[in-house]
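Fold and contact review
Residues per chain, in single letters:
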Amino acid sequence: MPSAEAAAAQVMVSQYGIAQYVLKVHSRCDLACDHCYVYEHADQSWRLKPRAISPSTAVAAARRIAEHAAAHRLRAVQVILHGGEPLLLGREAMREVLVALAAGIEPVAVLDLRIHTNGVRLEERWCELFGEFGVRVGVSLDGDQVANDRHRRFADGRSSHQQALRALGLLRRPEYQHLYAGILCTIDIANDPFSVYQALIAERPPRLDLLLPHATWDNPPPRSHESLHPYADWLLAIYRSWVRDGCGVPIRVFDSVLSASSGGPSWTEAIGLDPVGVLVIDTDGSWEQADSLKTAYDGAPSTGMSIWSHSADEAAQHSGMTARRGGLVTLSPACQACPVVRICGGGMYAHRYRSSTGFTNPSVYCTDLLEMITQVIANPPEVTVTSREPVARAEPRRPPHELPADTLDVLAAGPGDVAAVTAISQMRLSRTRALVAAAATAAGHLLTGHLLTGQREAALATSAAEGWAALCDLDSSHPGAIAEIFAHPYTRVWAMRCLDPPAGADLFLDRAHIAGLAAAVAMRAGTTVELPLPVRDGLVHVPSLGALDVGTDSSATVRVAISSGRVAAPGGIAWRAVRQVSVPGLRFAVEDLDPYRDCQRWAAAGRLDSGGWLAWHRALCGAARRLADGIPAYAQVLAAGMRAVVPLRDPPAGMNSATSRHAFGAVAITLAPSLAGIEDMLVHEFQHAKLFGLSDFYDLVDNACTQRLAVPWREDLRPVEGALHGTYAHLGLAQLSQSRGAAGQADWLRYRSWVADACEALRETKALTQHGERFVAGMLAAIQDATPPKSEAKCPK
Amino acid sequence: MEEYSEMIMASRENALWDLRDVPLARINEYAEAKQLVDVVMASAGGESLIVVAGFNSAI
């Protein structure tokens, strides 16, 4: 691996750590399956290993795992007890191992214990022991008796089928059901897939693994002469039955393909490009790589390290481990050029091996993987499978966002400060990242469900998929530009719309917008990408920056080239930039292009023509200057948090302005006839924005409360949260009026009275939380302590 | 009110995770991300929550 890739892999280890361990507790087996990779394949290291793990080895293993989990702040680690056949260890010795693992690891991280057994020796007393330590049990079964007997026999040739069925029956009993993890089935294409599927489903497993038999280019798997992809044919026969049955039992290989196809995790090293994060500890305490490598060559899994002398970090840096975390660039050229590479990931690492070229080859199952993935994506189930896999990977605990200690009081006093607004913005950024990723995943499922419905849908689906892939790539290379686009107020609005589409939404068009986000990141970063962007009313949108007029509505997408901060496309006629207002101390966009800006109840205006833009520009510049000069405390927080003003359509009479809870940083206003009126609306609306942000950190109101109260500024009764918002908005207006001196005196008196009365009414509701009471007390103090405007107060023209 | 406040703060703490440095491609693997999404989506249309505020709006 080139050094840069090795360095990247190193970062992945230090960032995520290893959260999955296979602990070999016994190196021998009571069956003699002729397809077993431990005894029958290239690596024969088992011959040199102790039969059973010793108590001291178990303690040392637990110490190494805990040390690593603590260093990487891992929330949970999974330890899979394995063999050989692990039950050969015996119950008492097994208890010692379990005690050692629990005592060593549980103080540091949640311990997820599993065991994988052939089931032959499983009986009640084992289940009692596993129940005591919460060990979940997976059992090997290759299908019906004919299928299972093909390989899974005792050394004297006897069948193990009945013993396995008895073990599974035991795990289905109510008292042990919670221990039942699932069934692992190794595929043999000589078996009838439908019979195998029926036999496995009959055992009611919580999860089913269908495993390709380990093979390499040197020792390829058995193949039929009737098909180029017999393993795909076999799996797809089961897939069709599974889909027809409603996908009731999770089957990992299919769930993985569907998840990876939508940008989600693959949950298995056999599929996808996710970094591999599993280490094996053998019975002698040696660190080893994945067992599957035993099929490659003798000694392939070895690292030359052991828990007695090396940490998990050191084992994870072994070249064999880092080689498997390099992602796309480390795959063979044929894989990198393959259309399904992001789903397949090159298949299982061991299956790529050829003695002459190592592991830089496509999988020996390449034709099968391509066919299986293509067919699964083209024929997805109706049900969503993304959330079926429990999150149990190498995730460090995430620290929470925190507000400065005095933020609630500082905001309650009126303008707040830059630190508070910045903290709110950062927290919103985390949420938007989560929402965008969730929307992209949801998009994948929707799109795979409709890939064949038409050319337009297919083009938009491609746009969404390429957009998501590009966004993920840019995320690591240009974090600053990513943060800018994710802070754009309508990125979050878009993501929420994808996750909860309104009736009549154009789902494909909405989801393809992610390509526009990626284009915007690339444009801000000055990097080069090519992406198919969706066309809306003849425009392709690059959110927060502008839109390119492509002069056509007949194409669903247009391939756009972004380079050096410029955008070009075939037929591109004119670039319409998002325009900016900039005065000393305050700069924001006038957003009249974003397709998701119309979310403020009052309808957004269309693109401003030159005359309209001049009027808006003049008015907003004037109002911004007045704010900067007259009430700098408000101007400073606006500068820190307000990114865009959205022009609203002129109402029949009066003025409208609005702020969406979800579009932090945007305020929507109509063009008021006076600069003071615009100033009022900017201050008023940003008060709402700050309060929405503060409400993410603190519940101020018991939202279960249905009480309504009278407020001075409206005739109808208002919900408590609405009254709180109105009070805070009018506190801003009172302080703005105060800054205007004599010219603002009448307004100040009116707003002051409104705020004081509303604060008292809010207190009487008893619907405020402790923090809500503190916030209202702060507003009341701010208004009561304020001095009336002085005639000599600054009043900008 | 004290009990209520503590309960709510506990749930809020779970929804403030800092995910800014988690790679976008892997963020869905984090339980914290799902919590954030759930919290935000729950605020999208709750009857007792104000979604849009402003002049002549819902204040």
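Residues numbered from 1 in each chain as written. Chains lettered and ligands numbered in written order. Predicted model: local features only at pLDDT ≥ 70, side-chain atom pairs only at ≥ 80, totals over all residues.

When helices and strands are counted, chain B shows two helices and one strand. Put simply, chain B runs from its N terminus to its C terminus through helices and strands in the order α-α-β. (Helix = DSSP H or I, 4+ residues; strand = E, 2+ residues; numbered from the N terminus.)

Broken down by element type, chain A carries 26 helices and 22 strands. Per-residue burial over chain A gives 54% buried out of 797 residues. For chain A, long-range pairs separated by at least 24 residues make up 72% of all intrachain contacts whose partners lie at least 6 apart in sequence. (Buried ≥ 20, exposed ≤ 12 C-beta atoms within 10 Å, placed from the backbone. Contact = placed C-beta atoms within 7 Å.)

All names here are of chain A. The geometry of helix α25 (residues 745–765) relative to helix α26 (residues 770–785) is characterised by a closest axis approach of 9 Å and an angle of 150° between their N-to-C directions. One way to sum up the angle between α25 and α26 is to call them roughly antiparallel. Relative to α26, α25 is oriented so that their crossing is left-handed. The residues of α26 that touch α25, namely those facing R752, V755, A756, C759, L762 and R763, are V776, M779, L780, I783 and Q784. Class assignment for the residues of the contact of α25 with α26 results in eight nonpolar, one polar and two charged. (Axes fitted to C-alpha atoms, helices over the stretch in contact; angles between N-to-C directions. Parallel < 35°, antiparallel > 145°, perpendicular 65-115°, else oblique. Left-handed = near helix turned anticlockwise from the far one by under 90°. Nonpolar A, V, L, I, M, F, W, Y, C, P; charged D, E, K, R; others polar.)

All names here are of chain A. Bridge analysis of strand β10 (residues 529–536) against strand β13 (residues 557–563) gives six bridges, and the strand direction is antiparallel. Along β13, the bridge assignment pairs L533 with V558. Taken together, the three bridges between β13 and strand β14 (residues 566–568) define a ladder with antiparallel strand orientation. When the sheet's bridge partners are listed, I562 is paired in β14 with V567. Hairpin connection, β13 to β14: the antiparallel pair is bridged by two residues, and S564 has positive phi, about 50°. (Pairing = 2+ DSSP bridges.)

Now for unusual backbone geometry. A negative phi angle characterises most non-glycine residues, just as the trans form characterises most peptide bonds. Residues and elements named next belong to chain A. With an omega of 15°, the peptide bond running from G83 to G84 counts as cis. Summarising the element assignment, G84 is placed in the loop between β2 (76–82) and α3 (91–105). In the Ramachandran plot, C247 falls in the positive-phi region, its phi being about 55° despite a non-glycine side chain. Unusually for a residue other than glycine, K766 sits at a positive phi of about 65°.

Residues and elements named next belong to chain A. For helix α14 (residues 366–378), which comprises 13 residues, the first-to-last C-alpha distance of 18 Å matches the rise-based estimate of 18 Å (1.5 Å per residue) to within 8%. Buried within α14 are the following residues: C366, D368, L369, L370, E371, M372, I373 and V376. Where α14 is buried, its residues contact α8 (230–244), α9 (252–261) and α13 (341–344). (Expected span 1.5 Å × (residues − 1).)

All names here are of chain A. Pairing within the open sheet is mixed, and its nine strands lie in the order β6-β5-β4-β3-β2-β1-β7-β8-β9. Edge strands, defined here as strands with exactly one partner in the open sheet, are β6 (208–211) and β9 (302–306). Neighbour-to-neighbour, the strand axes of the sheet open up by a mean angle of 25°, direction not taken into account. Where β2 and strand β3 (residues 110–117) come together, six bridges link them in parallel fashion. Residue pairing across strands places V77 opposite L111, the latter belonging to β3. Contacts from α3 reach β2 and β3 within the one sheet, and its direction differs from that of β3 by about 155°.

Next up on the list: the nonpolar core. Residues and elements named next belong to chain A. Membership of the largest hydrophobic core comes to 146 residues, with the highest contact counts inside it found for L471, A518, A519, V521, V540, V560 and M779. Sort the elements by how many residues they give to this core and helix α16 (residues 418–448) lands first, with 13 residues. Once you skip the residues sitting within four places of it in the chain, A518 turns out to touch G467, A470, L471, L474, V529 and L531. (Core = buried A, V, L, I, M, F, W, Y, C linked by C-beta atoms within 7 Å.)

For the rest of this paragraph, the subject is the sheet that holds strand β11 (residues 539–542) of chain A. All names here are of chain A. Pairing is antiparallel across the open sheet formed by six strands, whose spatial order is β14-β13-β10-β11-β12-β15. A single partner strand is all that each edge strand has here, and the edge strands are β14 and β15 (574–577). When strand polarity is set aside, the average angle formed by the axes of neighbouring strands in this sheet is 35°. Contacts from helix α17 (residues 455–477) reach β10 and β13, with the element oriented near 135° to β10.

With that settled, consider the packing of helix α7 (residues 193–201) of chain A against α8 of chain A. All names here are of chain A. Packing of α7 against α8 brings their axes to within 9 Å, and their N-to-C directions diverge by 50°. With respect to each other, α7 and α8 are oriented oblique. Helix-helix and strand crossings are classified by hand; for α7 and α8 the assignment is right-handed. Contacts between α7 and α8 involve P193, F194 and Y197 on the former and, on the latter, W234, A237, I238 and S241. Among the residues making up the contact of α7 with α8, the classes are represented as six nonpolar, one polar and no charged.

Time to look at the environment of V436 of chain A. Residue and element names in this part refer to chain A. As for its position among the elements, V436 is in helix α16. As a C-alpha pair, V436 and L499 span 63 residues in sequence and 9.2 Å in three-dimensional space. In this structure V436 touches F486, T491 and A495, once residues within four positions along its chain are discounted.

All names here are of chain A. Here four bridges tie strand β1 (residues 20–24) to strand β7 (residues 278–281), and the two strands are oriented parallel to one another. Residue Q20 lies in a different strand from β7, and its bridge partner there is V278. Note: β7 against strand β8 (residues 286–288), two bridges, orientation antiparallel. In the sheet register, V280 faces β8, and the bridge partner there is E288. Hairpin geometry of β7 and β8 is characterised by an intervening segment of four residues between the two adjacent antiparallel strands and by a positive phi of about 90° at G285.

So, about the confidence of the model for chain B. Residues and elements named next belong to chain B. Chain-level statistics for chain B give a pLDDT mean of 62 and a share of 47% at 70 or above. The secondary structure element of chain B with the lowest average pLDDT is helix α1 (residues 2–13), at 32, and the one with the highest is helix α2 (residues 31–42), at 78. For the stretch residues 1–14, pLDDT sits under 50, and the model shows 15 contacts to residues farther than four places along the chain or on other chains. The complex prediction reports pTM at 0.60, with the ipTM value standing at 0.79. (pLDDT = per-residue confidence, 0-100.)

What follows deals with the confidence of the model for chain A. All names here are of chain A. With 91% of its residues at a pLDDT of 70 or more, chain A shows a mean pLDDT of 87. Mean pLDDT across the elements of chain A ranges from a minimum in helix α1 (residues 3–16), with 37, to a maximum in strand β18 (residues 644–647), with 97. For the stretch residues 792–797, pLDDT sits under 50, and the model shows 14 contacts to residues farther than four places along the chain or on other chains.

Take helix α2 (residues 55–71) of chain A next. All names here are of chain A. The first and last C-alpha atoms of α2 sit 24 Å apart over 17 residues, in line with the 24 Å expected at 1.5 Å per residue. Its buried side turned inward, α2 meets β1, β2, α3, β7 and α10 (312–316). The positive-phi residue at the C-terminal boundary of α2 is R73, with phi of around 50°.

Attention shifts here to the environment of P206 of chain A. All names here are of chain A. Following the sequence through the fold, P206 ends up in the loop between α7 and β6. Here the alpha-carbon distance between P206 and I251, two residues 45 residues apart in the chain, equals 9.3 Å. Residues within four places of P206 in sequence aside, it is in contact with Y180, A181 and G182.

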